[in-house]
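Each chain, written out:
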Protein chains: 2
Amino acid sequence: MNSNIKISYPGSEKVYMQGTIYPDVRVGMRLVRQMPTVVMKGEERIETPNPSIYIYDTSGPYSDENVSIDLEKGLPRLREAWIRERAEKDADNIGQMYYAKKGIITPEMEYVAIRENMNCKELGIESHIKPEFVRREVAEGRAVIPANVNHPESEPMIIGRNFLVKINTNIGNSATTSSIEEEVEKAVWSCKWGGDTLMDLSTGNNIHETREWILRNCPVPVGTVPMYQAMEKVNGKAEDLTWELFRDVLIEQCEQGVDYFTIHCGIRLKNVNLAAERLTGMVSRGGSIISKWCQIHQKESFLYEHFDDICDILAKYDVAVSLGDGLRPGSIYDANDRAQFAELDTMGELVERAWAKNVQAFIEGPGHVPMHKIKENMERQIEKCHNAPFYTLGPLVTDIAPGYDHITSAIGAAQIAWYGTAMLCYVTPKEHLALPNKDDVRDGVIAFKLAAHAADLAKQHPGAMIRDNALSKARYEFRWKDQFNLSLDPEKALEYYKTANHVGGKYCTMCGPNFCAMRISQTICDS
Amino acid sequence: MNSNIKISYPGSEKVYMQGTIYPDVRVGMRLVRQMPTVVMKGEERIETPNPSIYIYDTSGPYSDENVSIDLEKGLPRLREAWIRERAEKDADNIGQMYYAKKGIITPEMEYVAIRENMNCKELGIESHIKPEFVRREVAEGRAVIPANVNHPESEPMIIGRNFLVKINTNIGNSATTSSIEEEVEKAVWSCKWGGDTLMDLSTGNNIHETREWILRNCPVPVGTVPMYQAMEKVNGKAEDLTWELFRDVLIEQCEQGVDYFTIHCGIRLKNVNLAAERLTGMVSRGGSIISKWCQIHQKESFLYEHFDDICDILAKYDVAVSLGDGLRPGSIYDANDRAQFAELDTMGELVERAWAKNVQAFIEGPGHVPMHKIKENMERQIEKCHNAPFYTLGPLVTDIAPGYDHITSAIGAAQIAWYGTAMLCYVTPKEHLALPNKDDVRDGVIAFKLAAHAADLAKQHPGAMIRDNALSKARYEFRWKDQFNLSLDPEKALEYYKTANHVGGKYCTMCGPNFCAMRISQTICDS
C-alpha cells in the first residue's frame, strides 16, 4: 500500500516555528499571504501591504511538500528522540504530568505553547500562554497533552479550558465494508479540515491492523474505546467480558500507540437502574455494555473495581484516560437528571485517583441538553471533577432535527466551550441516521471548527480575533481570494461564489452593483 | 399562470381548531399521527397507543387538500370579513394596537392565542397565553401582529418575546433573471419548511407585479424594504431620492398589502461618520443608501424628519414598521460599537412615536457579534426600545466561515432568541457569496427553525418540549417513521437513513446490531 496522499490549501505555505528552550522543537503552521490593499488617488495607485496570517495547522507532514509520504513507513517520528532521552533517564516515569509536577518543561510543552500563540509575536500581542504556564496547567490536571510514547508521529497538542478549544472527529466502521486504505484516507481527510484528535471507533474485522495503519500515519493524537475490541473478542456477549480480557486489550493498544482511551469507569452497579426512569435510557455504547455486565452479574463493574490497575498500565505509556459518560442523556427530557449527575460524582472521585498515578485525565460530557441547562453541566463538572478538562459530545440543544444535528450540536458546543469545555466531539449531519461519508465528515468538522473558534473569540483567547479581522478586511476591500484563503473551507467558499460571480468583481450577485452596501459605504468613508 | 402548487408532509393531516370568542376563527395545524408502542410479553403482543402531535403550521391552504389553489385568484381571504366589519365601525382606526389599547380582543388575537398553544389543551398543560394576554402584549408594544388590511390572505401570527420565536426568510432577486412563477414558488417553498414571515427584497424589474403575485398567494405576512423600489425609481442615484417619491412608494405598497416595512429611520446625519471608524463600514443596503443621501446633501435624513408622516400612512393600513439597523456591525471587530448603539438610541425615540400613532413596531438588530457580546445587545435593546420586539439577523458569531454562515448565525440566533429576540432573520449557506437557490433556502430555514425551537425550549414555552419528547420516544422505540414524521425535515431524515438502512430495523448502521446502545439499554430496562 503506497499512496500519495498530500494536503494543500490555496494561497498557503507550510512554515515552521522553532523552539527557544528546545531548538529541535519545530512547530508546523500554515501561513496565508495576503494581497496588498489598493487605493487609487486620481491616477496614482497606492498599495498598502497586508500582513501574512498564521493558521493553526492539524495537517502534519501531509501539507509539507518537502516531506515524501510513504504509508508503509509511516510519518516521520517527530517525538522519538525526546521520548528516548526521557526513557534513558527515568525508566518508570515518562509521562507529561510526572514531569510537569517535577517542574520540568518538556519539549511537548514548549511545542504547544508556540502552537497556541499563533500570530501573537508578529502582531505584538501579549499572551499569557508560555511554556511555564503550560507546565503548570498540566501539573494541576487542568490540561492534558495526549502523547503515548509509542505514537511519536503525533504532533503535540493540548486540551484544557485555558487553551484554544479543540475538536475530535470519529472514524471507523461498524461490522461491514470499508478497507484500511479508506480508513487512513478518512483520517487524513479529518486532519485536513482541522480535526485536533481522532477517535478510531472501528468495531469490525481487522481492528488491530486498521488501527496500526492509522496510528503510523496520523499526525494528531488517536483515541479509542477499548471496550469495542474487547466485545469483538467475546463475540458481542457482554456477560463474557472479564477484567483479564479487558486488561490485555488495553496493553495491546498501549503498545500500538493509542493516545487516549475512553473507558466507562463511572458506571456503578447502584446507578444502573437510574436509567430506567428515563425517556431514552442509555445512549452510550460502552456505557450500555458495562451496565449490562453489571446487571447480569449483579456485581460492581470491573472497570470501576480495577481503576487503579488501569491507571498503572496507562501511566507506563503516558496514555490519557477519557472518563466516558455512559449515562449521558440521549434526549432533552433526560438532560441533567439524577443518573447523569450520579455518574459525574463518580468521575470526580476517579480523576483524583488517576492524577495520583500521574495519569492525565479528562471527562466526557453530554449529549442532549437544552440551552438553559448547559451552564449547570459545565459548572458542576468543574466543581465535581476538580478542573479536569471537559470533553463533550455536542450538546444537542433540541431533538427534532435529525439530518441537521451537526447544527443542533454546534449551537450547544459553542456555548459549552465558551463556558469552559476544552474539547468538542464533532457530530455529522448523519447522526442518529447512518454512518457519515466524506462529505458528512467535512460538514461536521467545519461546523465544530467554527463553534470552537466562536468560543475562542468569546473567551478572548490571545490573537483569536486576528483571523476574523483579516478576513473581514479582505471582504470589505473585495479581495475575494484573500477572503477565501483565510476561511475555514476555502474550497467551498470559492465554489459557492463561482455559482454566481466572476472572481475579482467589485460586488457580488447578492446585492448587484447599485445595492452593494460595502461599496456605497466605501464611497462615503473615502469622501 | 395556473399552477398546482401543493404542500404535503408525510404522516400528517391538516386540521383546524376553532375559536371560542370568534367561532369563525379556524386555526390551521398539522397533526402527526403516531404508531403504537409494541411490546412482546412472551407470545403476547401488547400495543400502547401514542398521542397524535400538533405541529405549528406555516403552510396555509397549500397543505389543505380540500382547498384548490389558483394562483390567478389568489388564496382564500381568511381575514376579509373581520377587516370589513372593523372598517364599517371605525373608519380611521383599524389597527391591532388601536383595538388592543381599547381593551378589545380581535379575531386575530384569538387566532394567535390558539396557534401558540399547540398540544397544550390535549395534554393538560397550563398555558398563560390566552387571548387577553395577547391583547395586553400588543397594547403595550411588546408584541406585533403584522396584518395589513389589504393582505387578508395572511394567517395571523405574533412576534414578541413572550411567544414562540419566529423566523423570517428573504426572497427576491437583484437586477437579473428569475420569473414571477419562480418567486411565488420560492415563497411557497419557504412556507413549506416553516418560514413565519417572508421578506420580498426584489430590486429588479417587475418589482410591483412580482410583489402582487406573492402577496395574493402568501399565507404568511410579507415585509419589504421600500427603499429598494424608491432606488429603482431614481435609477440607483441615492442623491435624487426625495421624501415625496419615497412617500408614494410607501402608499403603493400599503395599498398592495405589504405587512411590514423595514425603514432605516434611525440613521442620523451626526452618526453617519461613525462608520468611518470601522473595519467594515456599513453593511446594510438601506442604511448605506440613506447615509449617502445625508452626506451628499449634508441634511438630516428625510426618513427621520418625516417619521411621523410615515406613521400616519402606516396606521391607515395597519402596516408595522421594522426599524432597520443601518449601522449594524458587519464583522466581529465592529460589534457593539458607538455607531451601532447610537442608532439604537434613536430607534428607542422613534418606537414611542410610532406607538403614539398606534403603529406596531419592532427593531432590527445585528449582524456579526461574538458570543460574549450578544447579551449586551439584547439587554440594551429591551431597555432603550422600551420592550419593543427585537428582530435580528443572526448574529454571526465568527467571520471565518463563508459557506457555512447559516451555522455561524444559527449559533448566535439561538442564543439571542433565548435572551429575548422575538424573530430571527434566516441566513443561508450562500450568505456573503451569492444568491441562495432552493436547497440553500431549505438549509437556511431549517437551521433557523431549529435555533428558534432551541430557544423556545430554553425559555420553557408552554408545550415546546412535547415534540422533542415524542420524537425521542419514537427514536428509543425504533419507530423510525414516527421519528421522521415528527422531525423538522422528514424528507431529509428519511433520505439519509435510506443511504444505509432498511426502514423498520431494530438498529441502524451507525452502531450495528451488537453495539446499539438503545437496544442494549432496553434489554436492561425491560429485565
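Keep in mind the model is a prediction, meaning the values are calculated, not measured.

Looking at the overall build of chain A
Reasoning step 1: Looking only at helices and strands, chain A has 20 helices and 15 strands in total.
Reasoning step 2: Its C-alpha atoms give chain A a radius of gyration of 24 Å, near enough to 24 Å, the size a compact globule of 527 residues would have.
Reasoning step 3: In terms of overall dimensions, chain A has C-alpha extents of about 85 × 55 × 45 Å along its principal axes.
Reasoning step 4: Put simply, chain A has 527 residues, and 68% of those count as buried.
Reasoning step 5: Only carbon and sulfur atoms are counted for the fraction: they give 48% of the accessible area of chain A, which is about 18,000 Å².
Reasoning step 6: Computed over 59 positive and 73 negative side-chain charges, the inter-centroid distance for chain A is 3 Å.

Here's the deal with helix 5 (residues 180-193) of chain B
Residues and elements named next belong to chain B.
Reasoning step 1: Taking 1.5 Å of rise per residue, the 14 residues of helix 5 would be expected to cover 20 Å, and the 20 Å separating its terminal C-alpha atoms lies within 8% of that figure.
Reasoning step 2: Burial runs high along helix 5: 11 of the 14 residues are buried.
Reasoning step 3: Of all the residues in helix 5, the buried ones are Ile180, Glu183, Val184, Lys186, Ala187, Val188, Trp189, Ser190, Cys191, Lys192 and Trp193.
Reasoning step 4: Against the buried residues of helix 5 lie strand 8 (166-171), strand 9 (197-200), helix 6 (207-216), helix 15 (438-458) and helix 18 (490-498).

Let's talk about the state of the cysteines
Reasoning step 1: The full count for this structure, using the stated rule, is zero disulfides over all chains.
Reasoning step 2: Distance from the sulfur of Cys294(A), which forms no disulfide, to the nearest cysteine sulfur (Cys265(A)) is 11 Å.
Reasoning step 3: Classification of Cys294(A) by relative accessible area gives buried; the value is 0%.
Reasoning step 4: Lacking any disulfide linkage, Cys254(B) is separated from the closest cysteine sulfur, that of Cys311(B), by 11 Å.

Quick notes on the relation of the copies chain B and chain A
Reasoning step 1: Note on the identical chains: chain B maps onto chain A by a rotation of 180° and an axial translation of 0.0 Å, with an RMSD of 0.0 Å. One copy is carried onto the other by what is essentially a two-fold rotation axis. When C-alpha positions in chain B are compared against the rotation axis, the closest is assigned to Ile411(B), at 2.3 Å.
Reasoning step 2: Interface residue correspondence from chain B to chain A reaches 100%, placing this contact among same-surface, isologous pairings.

Re the sheet that holds strand 2 (residues 26-32) of chain B
All names here are of chain B.
Reasoning step 1: With respect to topology, three strands assemble into an open sheet ordered 1-2-5, the strand pairing being antiparallel. Only two strands of the sheet have a single neighbouring strand rather than two, namely strand 1 (12-18) and strand 5 (53-55). Across the sheet, the axes of successive neighbouring strands diverge by a mean angle of 45°, strand direction being ignored.
Reasoning step 2: Strand direction decides the pairing type here: strand 2 and strand 5, joined by three bridges, are antiparallel. Along strand 5, the bridge assignment pairs Arg30 with Ile55.

Scoring rules and cut-offs
Residues numbered from 1 in each chain as written. Chains lettered and ligands numbered in written order. Predicted model: local features only at pLDDT ≥ 70, side-chain atom pairs only at ≥ 80, totals over all residues. Heavy atoms only, no water. Helix = DSSP H or I, 4+ residues; strand = E, 2+ residues; numbered from the N terminus. Rg over C-alpha atoms; globule rule 2.2 N^0.38 Å. Buried < 20%, exposed > 50% of the residue type's maximum accessible area, 1.4 Å probe, protein only. Areas by Shrake-Rupley, 256 points an atom, 1.4 Å probe, with all protein chains shown as cover. Lys, Arg positive; Asp, Glu negative; His and termini not counted. Charge placed at Lys NZ, Arg CZ, Asp CG, Glu CD. Expected span 1.5 Å × (residues − 1). Contact = heavy atoms within 4.5 Å. Disulfide = S-S within 2.5 Å. Least-squares fit on C-alpha atoms with pLDDT ≥ 70 in both. Pairing = 2+ DSSP bridges. Axes fitted to C-alpha atoms, helices over the stretch in contact; angles between N-to-C directions.

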